[in-house]
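Structural overview
Below, each chain spelled out in residue letters.
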Amino acid sequence: MSKILITGGAGYIGSMLCTKLLSLGHQVTVVDLLKYDKGSLNHLYFNRNFKLIVDDARKKNLIKNLVNKNDYIIPLAALVGAPLCEKFKKDAISTNLGTIQTLCEVITKKNKVIYLTTNSGYGIGEKGKYCDENSPLNPISLYGRTKCDGEDLVRNKIKNHVCFRLATVFGHSYRMRSDLLVNNFVHTTVKKKRLTLFEPHFRRNFIHVRDVVNAIEFTIKNFNRLKNNVYNLGLSSANISKIMLARKIQKHFKKLRIKIVKNRKDPDKRDYFVSNKKIEKKGFKATISLDDGIIELIQIFSNDKNRIINNY
Ligand SMILES: NC(=O)c1ccc[n+]([C@@H]2O[C@H](COP(=O)([O-])OP(=O)(O)OC[C@H]3O[C@@H](n4cnc5c(N)ncnc54)[C@H](O)[C@@H]3O)[C@@H](O)[C@H]2O)c1
């Protein structure tokens, strides 16, 4: 079993990841400022293999000390999403990029790093063409730029690494986010029974948070086969347009009315399909369907109003 350090482990992905890794018998240490949901790791305190350090992942000495004691490092601490990074620019740079610069300085030869970034750097894809790992990255937001620069650092400076470029994540977590597109559409559907779409044919791709966790479990089991590479990570059947997503939600929530506003631009310009063939050829395939995620989210947003927490 491995010793695993996760910064930002109390977050949307981290809280699900810690839960899974502990259930597999790994030793997990989290460094997190608990910026959002203070209770997202409550269910793990009973586990002797779990340690939470409520502190700032930007502290070099703290991280250096922990890096030396752990095999795997999964640096998730970040200000996540374009609006949040625009609001807190300095913190976004020092957290999203600064923590990775520090990690590069303190990393040792025995450490293995798994880094998650967003695939939104692909921006606007060509019609009929899928972006693969060789497609040019051209991030337009500060968030996208800090994450792409972080990936560059990991790939150039860290000997043992695996990088994943994630599709937009959906589904339930112990620290819930309703700003992510699927989560947001389902939340709005349940609350207002009405969805207003701008530029409905913009294409996007998605992955369930449990599949992200499964991919990391797979990476730990197969690190040597996967290492020193970057992979797109998404659900291949979930390369769909916003209007297709809205219709899928309507299938499960019949009262939903979809309104399309013409001549109004969506500030989010992402429009691309993504190929996940590279990781699939290595043996990992995301499997949790959008339909299952939508059903799950309808239940959550209908029954538990406190689960609705945004990053901004
Ligand atoms: N959710 C997605 O769709 C998605 C997609 C691609 C990549 N990612 C990446 O995955 C990672 C986790 O994202 P998430 O969705 O779980 O976000 P999140 O906002 O839920 O989690 C981030 C966590 O980091 C913590 N944090 C922030 N600054 C910190 C600091 N200075 N020190 C310690 N902890 C700090 C927060 O308290 C929070 O618990 C991020 O690096 C993000 O860029 C997420």
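Residues numbered from 1 in each chain as written. Predicted model: local features only at pLDDT ≥ 70, side-chain atom pairs only at ≥ 80, totals over all residues. Heavy atoms only, no water.

1. Concerning the domain arrangement of the chain
Here the domain parsing of the chain yields domain 1 (3–170 + 207–236) and domain 2 (181–205 + 237–273 + 287–307). Its C-alpha centre places domain 1 at a distance of 26 Å from the equivalent point of domain 2. (Domains from an automatic or database assignment.)

2. Things to note about the environment of Glu 105
Counting through the fold element by element, Glu 105 comes out in helix α4 (residues 89–106). For Glu 105 and Lys 64, which are 41 residues apart along the polypeptide, the C-alpha to C-alpha distance reads 8.6 Å. (Helix = DSSP H or I, 4+ residues; strand = E, 2+ residues; numbered from the N terminus.)

3. Quick notes on the site of the ligand
Around the ligand, the surrounding shell holds 30 residues, and the nearest of these are Tyr 12, Asp 32, Tyr 143, Lys 147 and Arg 177. Here an oxygen atom of the ligand and a side-chain polar atom of Arg 175 are 2.8 Å apart. Against a free-state accessible area of 830 Å², the protein chains account for coverage of 98% of the ligand. Elements represented by at least two residues in the shell around the ligand include exactly α1 (12–23), β5 (112–118) and α5 (142–157). Considering every element that reaches the shell around the ligand, the biggest residue donor is β5, with three residues. Of the residues contributing to the shell around the ligand, the split by class is 16 nonpolar, six polar and eight charged. (Near = heavy atom within 4 Å. Polar contact = N/O pair within 3.5 Å; in protein donor to acceptor, adjacent residues only side chain to side chain. Areas by Shrake-Rupley, 256 points an atom, 1.4 Å probe, with all protein chains shown as cover. Nonpolar A, V, L, I, M, F, W, Y, C, P; charged D, E, K, R; others polar.)

4. Structural notes on the packing of helix α6 (residues 181–192) against helix α9 (residues 242–252)
To describe two helices that pack against each other, one gives the angle between their axes and the distance between the axes. In the contact formed by α6 and α9, the axes pass within 11 Å of each other and the chain directions differ by 45°. If you check the angle between α6 and α9, you find them oblique. Considering the relative orientation of α6 and α9, their crossing is right-handed. Each of Leu 181, Val 182, Phe 185, Val 186 and Thr 189 in α6 lies in contact with α9, whose residues at this interface are Lys 242, Leu 245 and Ile 249. (Axes fitted to C-alpha atoms, helices over the stretch in contact; angles between N-to-C directions. Parallel < 35°, antiparallel > 145°, perpendicular 65-115°, else oblique. Left-handed = near helix turned anticlockwise from the far one by under 90°. Contact = heavy atoms within 4.5 Å.)

5. A few points about the pairing of strand β7 (residues 161–166)
Within β7, six of the six residues are buried, which leaves the element mostly enclosed by the surrounding structure. Neither face of β7 is open: one carries His 161, Cys 163 and Arg 165, the other Val 162, Phe 164 and Leu 166, and all of them are buried. Bridge analysis of β5 against β7 gives six bridges, and the strand direction is parallel. In the strand pairing of β7, Thr 117 is matched with Arg 165. (Buried < 20%, exposed > 50% of the residue type's maximum accessible area, 1.4 Å probe, protein only. Pairing = 2+ DSSP bridges.)

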